[in-house]
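Take a look at the letters that make up each chain.
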Amino acid sequence: MKYTGGTVDERAVKAAGGSVLEGGNGVRVGGWVISSHKGPITADAELEALKAELGTLAAPEQFYGENYLRLTHEASGTCISFTALDALKGWLFDKSEPVQVGAAEDWLRSRQQDVQAHAAQTLKYDWTYTTSYMGTVGTAGSASEDGSSNGGVAATAPPAAAATVPRGAAAGAATGQQQQQGQAGGRRWEPSGDAIPRALLTSRDPILYYDELPLYESELDDHGSSRVTLKVRVMPRCWYVLLRFWLRVDHVMVRLRETRVFCQFDTSPPPAARVLREVRYHEGTFTDLRAAGAPAEGPAYADADTAAAALMAVAPVGVAHYRQEQLLL
């Protein structure tokens, strides 16, 4: 059945020993409560107020401030969440070199004397909205970054403060960064040699719950596209999250940052709960990728799915970063 929060297979949920959350925007299964919410694009006035709170003059045109995903482990109270606000904070934290289109470089060169004569200052910021966000780790029942106070234990509606600007967002940036890195509640992501089991993900198990959420998007002043999207899939034996930042700068380059988060909960006897995470960064100029055998600029990079296929075809060329981690609960 299709709900506003996602797609639920009620019969499969019951067969797996789980239950559908009130309102249908998530499920309780395998010791986890998983919920999501989709809202409209944040209004201009609210977005301007948010920019002021964060101390930035820029923000993506399409910002989905009410959208969230929460996965709460009932036994430990640990909550792994994904929100648009934290994704935007990840952009503020990111240290990537700014990308310039050819026209901008030509413009600066042609006006260099004027810039120097007037002692003009260049406003530098990452206009591609590249984010290093990989999710937020917190505890159920504590104040979360999106302004709610229930930590998403059984959330069936958007947080009460999600449509407004969270107070102290800028002041809490350091805390938010620690939570994104998995340092909240005494738990942190640690290196792991175990990969996410693809065989389990490709099994024919029924999908109990599925949702796909945009967090923010920008058309980059008609110079390309930048998007942060999120997918969640819950099955009888595991859950799986795919978070993607995808960037295409026309005639220049493509960038794809993927974070995969996974937990298996059907083993017997059940071990200590463990969440696996894989982080992979791909990027390259269209010239370099084409030289490596990747498709030329065009339909092959039209969205995150097609870009992922094109980039994986020439890997490890273009792979800028890869790591495997685990979170013990």
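Residues numbered from 1 in each chain as written. Predicted model: local features only at pLDDT ≥ 70, side-chain atom pairs only at ≥ 80, totals over all residues. Heavy atoms only, no water.

K.L.:
I'm lost on the sheet that holds strand β4 (residues 26-29) in this one. Help?
P.N.:
Think of a sheet as strands paired side by side through backbone hydrogen bonds, with each pair either parallel or antiparallel. The antiparallel open sheet is built from six strands, whose spatial order is β3-β4-β5-β7-β8-β9. Each edge of the open sheet is held by one strand with a lone partner, namely β3 (19-20) and β9 (136-139). Looking at chain direction, β3 and β4 are connected through two bridges and run antiparallel. Considered in β4, the bridge of Ser19 is made with Arg28. (Pairing = 2+ DSSP bridges. Helix = DSSP H or I, 4+ residues; strand = E, 2+ residues; numbered from the N terminus.)

K.L.:
Quick question: what am I supposed to make of the nonpolar core here?
P.N.:
The tendency in soluble globular proteins is for nonpolar side chains to be buried as a group. One finds Phe82, Trp239 and Val275 to be the most contacted residues of the largest nonpolar core, which totals 53 residues. Among the elements that line this core, the one with the most residues is strand β13 (residues 238-249), at six residues. Counting 13 residues, the second largest nonpolar core, distinct from the first, contains Val254, Ala304, Ala308 and Ala310. (Core = buried A, V, L, I, M, F, W, Y, C linked by side-chain atoms within 4.5 Å. Buried < 20%, exposed > 50% of the residue type's maximum accessible area, 1.4 Å probe, protein only.)

K.L.:
It is not clear to me how the pairing of strand β7 (residues 68-73) should be interpreted in this structure. Could you clarify?
P.N.:
Successive residues of a regular strand alternate their side chains across the two faces of the sheet. Taking burial as the measure, the six residues of β7 include six buried ones, the bulk of the element. Side-chain alternation along β7 places Tyr68, Arg70 and Thr72 on one buried face and Leu69, Leu71 and His73 on a second face that is also buried. Relative to β7, strand β5 (residues 32-37) runs antiparallel, the two being bridged by six bridges. Directly across from His37, in β7, lies its bridge partner Tyr68. In the sheet, β7 pairs with strand β8 (residues 78-83) via five bridges, with the strands oriented antiparallel. Bridged to Leu69 within β8 is Phe82.

K.L.:
Would you mind going over the pattern of salt bridges with me for this structure?
P.N.:
Scanning the entire structure with this criterion turns up 15 salt bridges. Close ionic contact of Lys51 with Glu48 constitutes a salt bridge, the shortest N to O distance being 2.9 Å. Taken together, the residues span about one helical turn, with Lys51 and Glu48 both in helix α2 (residues 44-54) at a distance of three residues. Residue Lys51 is classed as buried on the basis of its relative accessible area of 14%. (Salt bridge = Lys/Arg side-chain N within 4 Å of Asp/Glu carboxyl O.)

K.L.:
I'm lost on the packing of aromatic side chains in this one. Help?
P.N.:
How two aromatic rings sit relative to each other is set out by the distance from centre to centre and by the angle between their planes. Counted by the stated rule, this structure contains four aromatic pairs. Between Trp91 and Tyr129, the ring centres sit 5.0 Å apart and the planes meet at 55°, which makes this aromatic pair tilted. Placement of the pair is Trp91 in helix α3 (residues 84-93) and Tyr129 in the loop between α5 (112-117) and β9, with a sequence separation of 38 residues. Judged by relative accessible area, Tyr129 falls into the buried class, the value being 6%. Ring centres of Phe286 and Tyr301 lie 5.2 Å apart, and the angle between their planes is 65°; on these two criteria the pair is classed as edge-to-face. Here the residue Phe286 occupies a position in helix α8 (residues 286-291), and Tyr301 occupies one in the loop between α8 and α9 (304-314), the gap between them amounting to 15 residues. Here Phe286 matches Tyr301 in class, with each residue buried. When the ring centre of Tyr68 is taken as reference, the NZ or CZ atom of Arg70 above it lies at 4.0 Å. Positioned above the aromatic ring of Tyr281, the side-chain terminus of Arg257 is 4.2 Å from the ring centre. (Phe/Tyr/Trp six-rings, centres within 6.5 Å; stacked < 30°, edge-to-face > 60°. Lys NZ or Arg CZ within 6 Å of the ring centre and 35° of its normal.)

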